[in-house]
Every structure is written in structure tokens, then in C-alpha cells.
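Notes for the structure review
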Amino acid sequence: MKRPTAMQRIALFALLGSVVLSGCRSTPEPDPRYRPSESLLEVLAVLRRHVPDDTYHFQPARDFTGRNVYRSSLLRLENLQKIHAEELRSGYMDDVFAFARGRALERLRAFDLAASSYRIAAGIEGPLQRDARESQAICEALAEAAALEPEQAPIQEESDPAPLAAERESVVALFDQRVALLEALLGGAEGTHYAFVILEEIERADMGRARFLSDTRRLYVDGDVRALAALQQLVNSHRESKNANRHLLTLADLYAELAVEYVESHPPEGLRFDPPRFEELVEAAARLYEAISNQDGAPEKLEAARRLEAFLAFTLKVDRDRFSP
């Protein structure tokens, strides 16, 4: 017989205690769409439905209020504990609440808090103990990896000399170390919902590296090349991500920004202006903007179309300044 999942077991366990957590109301019933959750089972049913969701390829689900389903489930769990504090004082549902909180928190990237919740569930004898220990170990590893990220790029003051290349490489190495830890963790998470969580974290690390190199590119001779390479790697590595169009849009913006900076540094009317170099940047940006704007149903479609219009208007002005008699 197939072993029931952790969420199925806590749902069955919660069913036994749901009567205790429900009561009569003397006030008029609110709109059913917005009334508070009446039992723990109601909240667990939503979590059980959405814990296996593939949030790397698709946007996280939202409840009837439009709020992230994991965030809303966490709030409802906390509210139930406050409302029924007296009934729950004996602690007979502590492991269920702790395990469910862990499931919600790990999808909100609060891995350290999720590990703490799982630790509580793992310390209570019951059907959730083994799964809680496994989830605790994974969340602790995810929290360790998430901590390997600088809070801000080490940009020097204008009066200071340009940072040494070693400073940049140390930050890049930090992101590389984070990705390596996550990729090692991914191997043991295949077939579980943690695979999607880890893929999201790898994508965030790649985004952080690309953002850092883009933010600091003007400080280095090869800054533009490194920034473009990092963004291209991000696009190629995460083509299947729900954020794929956003990555393409960021890359297009960088090409457009480089084109504008080239014109500012090499006025079109001057002899140092190199048309092939400028056209190379223009073609790269326009091609990416156009590819996104042609995707029906993509949230970034309209945004890319408007940016393409503005960018083409800029290129037309450059041509006019250079070739008008």
C-alpha cells in the first residue's frame, strides 16, 4: 500500500481535532468569500493542494482574495492559533501547526523560520516526526545557501579609486558557492516539491550575480562584457522559468543602455562614431524587445512594446543627426 504523504497525514489528524476548533457565532455571518477559516482542516486542505505546485515554471497560486496562497495560509494558521488558544493549550495539535507553518514558510523563502517550525514538529512523537526531520535538514541547508549573498554591491565613493578586480571576484565567488551548494542539494530532492524550491533559489543566485555585475560594470574596464555575459548566462540557464521574459527584458535594457552610452561618448556627428558598433547594440536590443512583444498573453508584452518604441525613436534621432545634410 502506498504510504500517505505528510500533508495527507496531518489532514487526517486535523480532522479529528477540527470539531474543537469550531464554534457557534452570535453575529451575522459575513460574506462566505471573506469569512475567517473555521477549522484547521480548511487551511490544511489548501496547503495540501498547493504544496506540490511547480513554482519554478509557473507563478504561485493565489486564493480568492488575490493573495499568495502560502502567505494567506500562514496568516490563517496564526489566526487560528490565536482564536483557539485556550482549546489548544494542551499542545495536542502543536506538531500539526508547526509542520503546516513550515510548509508555508519554506515557500515564502523564510527557510530559517521553516527549519525552526519543522524542528518543533520533529521533537514531538507522532506520524509527522520523520518527515519533519527531513524537511528541517533541507530548510537548514537552504537557509545556509541563502545567506551566501552580499547585502549590497561594494561600490566605492566617487573620490575613491576603482575597486580592485579581486573585490569583484570575491563577490562573484560567493554567488558561485551558493549555486554549488544548491545544485548539490538538488540531486537529493528530485521528485519532491523541494526541487522547485531549489531551482528558484538557483535562479535567484544567478539573478543576484548578474545584477551585481550590471551595477558595478562602470567601475571596471571589462565591466560591460562581464555584465552582458552574466545576463546571457541567466537567460540561457533559465529558459523554462516563469521569469524567462523578465530576464530577456533585462538583457534588452542593458543593450539599449549601452547604445545610449555609446552615443553619449561618441557623438554621431563626430569622426569617432563607429556605425557598425552602434548598429550591433541596436540590433541586439531591438531583437529582444520585439521577441517579447510578439508573445501573446505574456505580462511583459506591452512593456516590451513600449520600450521598443522609445528605443527606436532614439535610434532614428541618431540617424538624423549623422546623415542629414
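The following paragraphs examine the structure supplied in this document. (Residues numbered from 1 in each chain as written. Predicted model: local features only at pLDDT ≥ 70, side-chain atom pairs only at ≥ 80, totals over all residues. Heavy atoms only, no water.)

Once that is clear, we can look at unusual backbone geometry. With phi around 70°, Arg109 is a residue other than glycine that occupies positive phi space. In this structure, Arg109 sits in the loop between helix H4 (94-106) and helix H5 (111-122). (Helix = DSSP H or I, 4+ residues; strand = E, 2+ residues; numbered from the N terminus.)

Helix length check: H5, at 12 residues, gives a terminal C-alpha distance of 16 Å against a target of 16 Å (1.5 Å per residue), a fit within 8%. Along H5, the residues that are buried comprise Phe111, Ala114, Ala115, Ser117, Tyr118, Ala121 and Ala122. One side of H5 carries all its buried residues, which in axial view fall inside an arc of 160°. Of the surrounding elements, those touching the buried residues of H5 are H4, helix H6 (129-146) and helix H8 (194-215). (Expected span 1.5 Å × (residues − 1). Buried < 20%, exposed > 50% of the residue type's maximum accessible area, 1.4 Å probe, protein only. Arc of directions from axis to C-beta. Contact = heavy atoms within 4.5 Å.)

Another point: the packing of helix H7 (residues 165-186) against H8. With their axes 9 Å apart at the nearest point, H7 and H8 run at an angle of 170° to one another. Looking at the two axes, H7 sits roughly antiparallel to H8. Where H7 abuts H8, its residues Arg168, Val171, Val172, Phe175, Asp176, Arg178, Val179, Leu182, Glu183, Leu185 and Leu186 lie against Ala195, Ile198, Leu199, Glu201, Ile202, Arg204, Ala205, Asp206, Gly208, Arg209, Phe212 and Leu213. Here the residues of the contact of H7 with H8 sort into 14 nonpolar, 1 polar and 8 charged. (Axes fitted to C-alpha atoms, helices over the stretch in contact; angles between N-to-C directions. Parallel < 35°, antiparallel > 145°, perpendicular 65-115°, else oblique. Nonpolar A, V, L, I, M, F, W, Y, C, P; charged D, E, K, R; others polar.)

Here helix H3 (residues 69-83) contains 15 residues, and its C-alpha end-to-end distance of 21 Å stays within 8% of the 21 Å for a straight helix at 1.5 Å per residue. Within H3 the residues assigned to the buried category are Val69, Tyr70, Ser72, Ser73, Leu74, Leu77 and Leu80. Those residues of H3 hidden inside the fold are in contact with helix H2 (40-50) and H4. For H3, the N-terminal capping position is held by Asn68, with its side-chain oxygen 2.8 Å away from the main-chain nitrogen of Tyr70. (Polar contact = N/O pair within 3.5 Å; in protein donor to acceptor, adjacent residues only side chain to side chain.)

As a further point, take the environment of Leu174. Examined against the element boundaries, Leu174 turns out to sit in helix H7. Between the alpha carbons of Leu174 and Ala147 there is a distance of 9.9 Å; along the sequence they are 27 residues apart. If near-sequence neighbours (up to four positions away) are discounted, Leu174 is found in contact with Leu148, Glu149 and Pro150.

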